[in-house]
Amino acid sequence: LPRIMTEEERNDFLTQVVKAAQEGEPMLRRDRAILELLYASGLRVSELVGLDLRSVNFGDAMVLVRGKGRKERIVPFGSKAKQALSEYLPIREKLLREHKTGEAALFLNARGRRLTARSVDRLLKKYVRALGPNVKGSPHSLRHAFASHLLTEGADLRAIQEMLGHKSLATTQKYTQVSIKQLMEVYDKTHPKA
């Protein structure tokens, strides 16, 4: 399995993305919202770009996701993702007005059309190269980090399975192998009888 960002590396990375979004061009706010939501919810990139604005419940901080096989699930997201989305929405509205598209998609490209999975992959890699640690950056790596960090913090494996939209618990366990390795390292270093 590829090395994923640690929680500290991910926090530093997203803090730098926040700074860039505040100081830079408006589309950086969209990029920040994408990165925050990917990590906060563990969505597949195809699920992220498939979201419509109506899929997001801002009051409950939940998103209705259509996953593999068109199966729907509800996934929570945190306050940082909620803030990033709120700061992006005026940019989205401006794009819709400028290009007169009426697009329902949550995430839009510069022409007011639905963003593609390929574009999200490119933008994440660009940010990881510029601001991130020396790790492989992809939307899937953020999904992997989401699951691993939840497990490290004590989340129930079945809850993680549900949020990721996996049919099989065995699939979810593959995402958590890095965390299990980290847990074993902590055990070996700290347990008196290890």
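Not measured: the values here are computed from a predicted model.

Here is what the cut-offs are and how they apply
Residues numbered from 1 in each chain as written. Predicted model: local features only at pLDDT ≥ 70, side-chain atom pairs only at ≥ 80, totals over all residues. Heavy atoms only, no water. Helix = DSSP H or I, 4+ residues; strand = E, 2+ residues; numbered from the N terminus. Rg over C-alpha atoms; globule rule 2.2 N^0.38 Å. Buried < 20%, exposed > 50% of the residue type's maximum accessible area, 1.4 Å probe, protein only. Contact = heavy atoms within 4.5 Å. pLDDT = per-residue confidence, 0-100. Pairing = 2+ DSSP bridges. Core = buried A, V, L, I, M, F, W, Y, C linked by side-chain atoms within 4.5 Å. Axes fitted to C-alpha atoms, helices over the stretch in contact; angles between N-to-C directions. Parallel < 35°, antiparallel > 145°, perpendicular 65-115°, else oblique. Left-handed = near helix turned anticlockwise from the far one by under 90°. Nonpolar A, V, L, I, M, F, W, Y, C, P; charged D, E, K, R; others polar.

### A word on the overall build of the chain
Helix and strand content of the chain: nine helices and three strands. Beginning at the N terminus, the succession of helices and strands in the chain can be written as α-α-α-β-β-β-α-α-α-α-α-α. In terms of C-alpha radius of gyration, the chain reaches 17 Å, essentially the compact-globule figure of 16 Å for 194 residues. Residues classed as buried in the chain amount to 44% of the 194 residues present. Counting contacts in the chain only where the partners sit at least 6 residues apart, residues at least 24 apart contribute 56% of the total.

### Side note on the confidence of the model for the chain
Regions with low pLDDT carry predicted coordinates that are not meant to be interpreted in detail. Residues at a pLDDT of 70 or more form 92% of the chain, whose mean pLDDT is 86. Model confidence for the chain, summarised as mean pLDDT per element, is weakest for helix α9 (residues 177-190) at 68 and strongest for strand β1 (residues 56-57) at 97.

### A short note on the sheet that holds strand β3 (residues 72-76)
Spatially, three strands are ordered β1-β2-β3 in an open sheet, and the strand pairing comes out antiparallel. Two strands bound the open sheet, and with one partner strand each, they are β1 and β3.

### Things to note about the nonpolar core
Core analysis: the biggest nonpolar cluster contains 45 residues, and Phe13, Leu35, Leu37 and Phe107 have the highest contact counts within it. Going through the elements one at a time, α1 (7-23), α2 (27-41), α3 (45-49), β2 (62-66), α4 (79-99), α5 (117-131) and α6 (139-152) are the ones with two or more residues in this core. In this view, phenylalanine 107 contacts Arg30, Ala33, Ile34, Leu37, Leu48, Leu85, Tyr88, Arg113, Arg114 and Leu115; residues no more than four positions away in its chain are not counted. If you look at the next biggest cluster of nonpolar residues, it comprises six residues, including Phe146, Leu151, Met163 and Leu164.

### Points about the packing of α1 against α2
At a closest axis distance of 8 Å, the pairing of α1 and α2 adopts a crossing angle of 160°. Relative to α2, α1 is oriented roughly antiparallel. The two elements α1 and α2 cross, and the hand of that crossing is left-handed. Two secondary-structure elements touch here, α1 through Arg10, Phe13, Leu14, Val17, Val18, Ala20 and Ala21 and α2 through Leu28, Arg29, Arg32, Leu35, Glu36 and Tyr39. Across the contact of α1 with α2, the residue classes break down as nine nonpolar, no polar and four charged.

### Notes on the pairing of β2
Alternating residues of β2 divide into Val63 and Val65, all buried, and Met62, Leu64 and Arg66, none buried. Examined bridge by bridge, β1 and β2 share two bridges and lie antiparallel to one another. Looking across to β2, one finds that asparagine 57 is bridged to methionine 62. Connecting β2 to the antiparallel partner β3 that follows it, the hairpin turn spans five residues, and glycine 69 within it adopts a positive phi of roughly 70°.

### A closer look at the pairing of β3
Residue alternation in β3 divides its side chains into a buried set, Arg73 and Val75, and an unburied set, Glu72, Ile74 and Pro76. Relative to β3, β2 is paired through five bridges, and the arrangement is antiparallel. Across the sheet, valine 65 pairs through a bridge with arginine 73, a residue of β3.

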